[in-house]
Every structure is written in structure tokens, then in C-alpha cells.
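A structural walkthrough
As a plain string of letters, each chain reads:
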Amino acid sequence: MSDEIPPDPGSPRARFGAEMRRLREAAQLSQAAVGRRLGCTQTQVSRLESAARTPSKSDAERLDILFGSDGSTYFVDMRQHIVARHGGPVWFMSWTKEIEPFALVMRSWDPLLIPGLLQTESYAHQVLSQEPRMTPQQVDERVQARMQRRQLLDEDDSPMFLSLIDMGVLRRPVGSAEVMREQLGYLLEVTQRPNISIQLVDQRCLMGLLGAFMIAELPNGQPDTIHIDSPADGQISADPKVVSSIWSRYEAIRRWAYPDHMSLKMIEEVRQEWI
């Protein structure tokens, strides 16, 4: 029965359908024509595109043959996120695999820590090693995954990354003074890139204390998608009401932010304190 209910617009199934529709229209193919290639009806193609039907493995494989090249597994990979069991890191995999790589602009708010995309390896290791029931091997694996994720901002077509960080984060000890000096130095380094902006937010900004979040602006008319942190699991949504609420909170927090040049001066001053 659940297969008949259209999911959240930001869900893996909805994105599968949206990509299928986009590529079909770009190829100037009708739903009936695609149906003939998939071995199904026009109605079934329509239900795939509207996310009212979960794609089968053969659907994904045939779509990769139809729209892909050089052995692409684009649709097969997207289907894996649809059928994956919920729990663990699956929800965040959807964000890092299906949202971040395609974003034009990402905006983040972090009241407690340096955002993951801007963390050094030492800082990330200190943060992740505090997770309950994490083995050293699991910590190392997650640190390396975070470092690989960070490469997103190094690419030629990197998204704009606009980061708001609570000022208190600069003085929150994460590991040794050396770790903090390195981390704050890295923030100063990455802001030299034209696609990265860091603004510190006055600690009197109370509406930001509810938690960290990110907003991704996507291409091709796709809806903005948000990611909200929580202790147990994260929320990813493109629901207009949820996204609008987070946008409003982001703008309210941004009104408490210092300009970029003042923020960088403050970061340098605090970096000198870590001795």
C-alpha cells in the first residue's frame, strides 16, 4: 500500500522519477516510447516518474542503457538508495550522494561545531571518537569518509558554500590546542576560495540554538532540500513547508552574523589564543 503514496519530494524515489522525466524530455521521448523500451506500459512509466511506483532492478538497468553511456549505473545506484534498509547512515548517504554533488549553493548553520565540510582530519577524529560505541576502526572509516566528502569543495564546479558558525565554536576545545590552531587556520585558508564564505554569528542569537541544518539549492527547477541534524537521526526533506521554515530560521540567524572580513579577523584572533 505504501508504494501507492507519493513520498516526500526530496526522497530517493522522487528523485529517481524526476531524473527519469528530465532525461526522457531531453531526449524528446514520450512516456509510451520509454515504456516500450522498458517493457512496460505508459501508465507504469507515468507512475515511476511521479514516484507512485518503486522501480525494479530491471527498470533501473534498462534506463541506464537508454539514457546512460560507457556502462553508467546512474539509475541502478539511485535505486539502491530507494531499497536500502532505513537506519544507520542510510539517511545521510542520501544527502551526500544525491544532494550535495548536484547542489548549486549550500547554506549551513552550526551552533556547536565546525561544519563537517570544513573540518580538518584531526578535528574530525576528535569529534567522531566521542561517539558512543564507536570502535577505532569505525572512527577511522568515518573520518576518511568525511575527508572524501570535503573534496566536493575542491572541484572545478564546486557549489557555493555559505557557512554560518556560532562564535562560541571557536573556543570550544576539541582535542588539543594544536588541533584547534590547525582547524582555525584551515578556516582562514579555505575562505580564500571564491566559492566559500564563513560568517560568525553573535552568541546572543538564541533562535539558532535548536540545532544545525543545511539548505541545498538544486539545478533544473528542483526544489530546495534541507538537512536537519538530530542526536539519533537526520531529517532530509524538500517539503515546501519544512523548507520555508528552515529558510526563515536561516535568515533570522544571518541577521546576527558579522561580515566576512570581520569574521576572518575574529577567527585569526581566537587562533592566536590557542597556545
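Scroll up to find the structure.
Keep in mind that this is a model prediction, so the values were computed, not measured. Every chain's residues receive numbers from 1 upward, in the order its sequence appears when written. Whole-chain, interface and lining totals are the exception, using all residues; otherwise, since this is a predicted model, local features are given only for residues with pLDDT of at least 70 and side-chain atom pairs are given and counted only at 80 or more. The basis for every side-chain value is the complete set of non-hydrogen atoms in the structure, without hydrogens or water.

Some thoughts on a negative patch on the surface
Worth spelling out the cut-off: Like-charged residues within 9 Å of one another, or nonpolar side chains (Val, Leu, Ile, Met, Phe, Trp, Tyr) within 5 Å, are grouped into patches, provided each residue has over 30% relative accessible area and no salt bridge. Throughout, the Shrake-Rupley method with a 1.4 Å probe supplies accessible areas, and for residues the shown protein chains are the sole cover considered. Salt bridge, as applied in this entry: a Lys or Arg side-chain nitrogen positioned within 4 Å of an Asp or Glu carboxyl oxygen. Neither His nor the chain termini are counted; the positive set is Lys and Arg, and the negative set is Asp and Glu. Charged groups are reduced to one reference atom each: NZ for lysine, CZ for arginine, CG for aspartic acid, CD for glutamic acid. The way it works is that DSSP assigns letters per residue, a run of H or I at least four long becomes a helix, a run of E at least two long becomes a strand, and they are numbered from the N terminus.
Taken together, the side chains of E121, D140, E141, E178 and E182 present a region of like negative charge at the surface. When contributions to the negative patch are tallied by element, the ones reaching two or more residues are helix 8 (136-150) and helix 9 (177-190). Relative to the elements of secondary structure, E141 occurs in helix 8.

Looking at the environment of R172
So the rule is basically this: Throughout, a contact is declared for two residues whenever any of their heavy atoms are within 4.5 Å. Polar contacts here mean pairs of N or O atoms no more than 3.5 Å apart (in protein, one a potential hydrogen donor and the other a potential acceptor; neighbouring residues in sequence count only if both atoms are side-chain atoms).
Turning to its location among the elements, R172 is positioned in the loop between strand 2 (160-166) and helix 9. The contact partners of R172, leaving out residues within four places of it in the chain, are P111, L112, M180 and W274. In this structure the side chain of R172 is engaged in a polar contact, spanning 2.7 Å, whose partner is the backbone oxygen of L112.

Concerning the side chain of D110
Inclusion rule: Think of it in three bands: residues with accessible area under 20% of the maximum for their type are buried, residues over 50% are exposed, and the middle band is partly exposed, with areas taken using a 1.4 Å probe on protein chains only.
Here D110 shows up in strand 1 (residues 105-110). Of the side chains bearing the opposite charge, R149 lies closest to the buried D110, which forms no salt bridge; the N-O distance is 8.3 Å. Here D110 is in contact with P115, L164, I165, D166, V169 and A212, once residues within four sequence places are set aside.

Things to note about the nonpolar core
To keep things clear, this is the line we draw: Buried Ala, Val, Leu, Ile, Met, Phe, Trp, Tyr and Cys residues that are joined via side-chain atoms within 4.5 Å together make up what is termed a nonpolar core.
Ranked by internal contacts, the top residues of the largest apolar core, which has 34 residues, are M106, L118, Y123, L187, I198 and I267. Looking at this core, the elements with two or more residues in it are helix 7 (121-128), strand 2, helix 9, strand 3 (196-201), strand 4 (213-217) and helix 11 (260-273). The element best represented in this core is helix 9, accounting for seven residues. Excluding residues within four positions of it along the chain, I267 makes contact with L170, L184, L187, L188, I198 and L200.

With respect to the sheet that holds strand 6 (residues 235-237)
Short version of the rule: Here, a strand pair is defined by DSSP locating no fewer than two bridges between the strands. Angular values range over 0 to 180 degrees, each being the angle between N-to-C directions of two axes fitted as lines to C-alpha atoms, with helices fitted over their stretch in contact.
The strand order across the open sheet formed by six strands is 3-2-1-4-5-6, and the pairing between neighbours is mixed. Across the chains shown, the open sheet's two edge strands, defined by having one partner strand only, are strand 3 and strand 6. For this sheet the average axis-to-axis angle between neighbouring strands, irrespective of direction, equals 10 degrees. Against the sheet, helix 10 (residues 240-254) touches strand 1, strand 2, strand 3, strand 4, strand 5 (225-228) and strand 6, its axis set at about 110 degrees to strand 4.

Some details on the pattern of salt bridges
Throughout the structure, instances matching the rule amount to ten salt bridges. R171 serves as the salt-bridge partner of E273, at 2.8 Å between the closest nitrogen and oxygen. Taken together, the residues E273 in helix 11 and R171 in the loop between strand 2 and helix 9 connect sequence positions 102 residues apart. Judged by relative accessible area, which is 44%, E273 ranks as partly exposed. Accessibility expressed as a relative area gives 43% for R171, which makes it partly exposed. Linked by salt bridges that have partners in common, R21, R24 and E49 make up one network.

Remarks on the packing of helix 7 against helix 8
Here is the rule we go by: Throughout this description, any angle smaller than 35 degrees is read as roughly parallel, any larger than 145 degrees as roughly antiparallel, any in the 65 to 115 degree range as roughly perpendicular, and the remainder as oblique. Each crossing gets its hand from how the near helix is turned against the far one by less than a right angle, where anticlockwise is left-handed and clockwise is right-handed. Here the term charged refers only to Asp, Glu, Lys and Arg, the term nonpolar to Ala, Val, Leu, Ile, Met, Phe, Trp, Tyr, Cys and Pro, and the term polar to all other amino acids, Gly among them.
It is at 9 Å that the axes of helix 7 and helix 8 come closest, and there the two elements cross at 135 degrees. One way to sum up the angle between helix 7 and helix 8 is to call them oblique. The element helix 7 and its partner helix 8 pack so that their crossing is right-handed. Where helix 7 abuts helix 8, its residues E121, A124, H125 and L128 lie against V139, D140, R142, V143, Q144, R146, M147 and R150. Per-class residue counts for the contact of helix 7 with helix 8 are five nonpolar, two polar and five charged.

Notes on the packing of aromatic side chains
Convention followed: Aromatic contacts are taken between Phe, Tyr and Trp rings whose centres are within 6.5 Å, Trp giving its six-membered ring; a plane angle under 30 degrees counts as stacked, one over 60 as edge-to-face, and the others as tilted.
Under the definition given, this model contains four aromatic pairs. Taken together, F16, F67, Y74 and F75 form an aromatic cluster joined through their ring pairs.

Observations regarding helix 1 (residues 12-26)
Three- or four-residue spacings in an α-helix give side chains the same orientation, since the helix completes a turn every 3.6 residues. To be explicit about the condition: Helix span, as expected, comes to 1.5 Å for every residue beyond the first.
Relative to the 21 Å expected for 15 residues at 1.5 Å per residue, helix 1 spans 21 Å between its end C-alpha atoms, a close match to the ideal helical length. For helix 1, the full list of buried residues reads P12, R13, A14, R15, F16, G17, E19, M20, L23 and R24. Directly after helix 1, the chain includes Q28, whose backbone phi takes a positive value near 55 degrees.

Thoughts on unusual backbone geometry
You will see that Q28, though not glycine, has its phi angle at about 55 degrees, which is positive. Structurally, Q28 is set in the loop between helix 1 and helix 2 (31-38). Using a relative accessible area of 73% as the deciding quantity, one classes Q28 as exposed. We note that R133 has phi near 60 degrees; this positive angle belongs to a residue other than glycine. Tracing the backbone through its elements, the reader meets R133 in the loop between helix 7 and helix 8.

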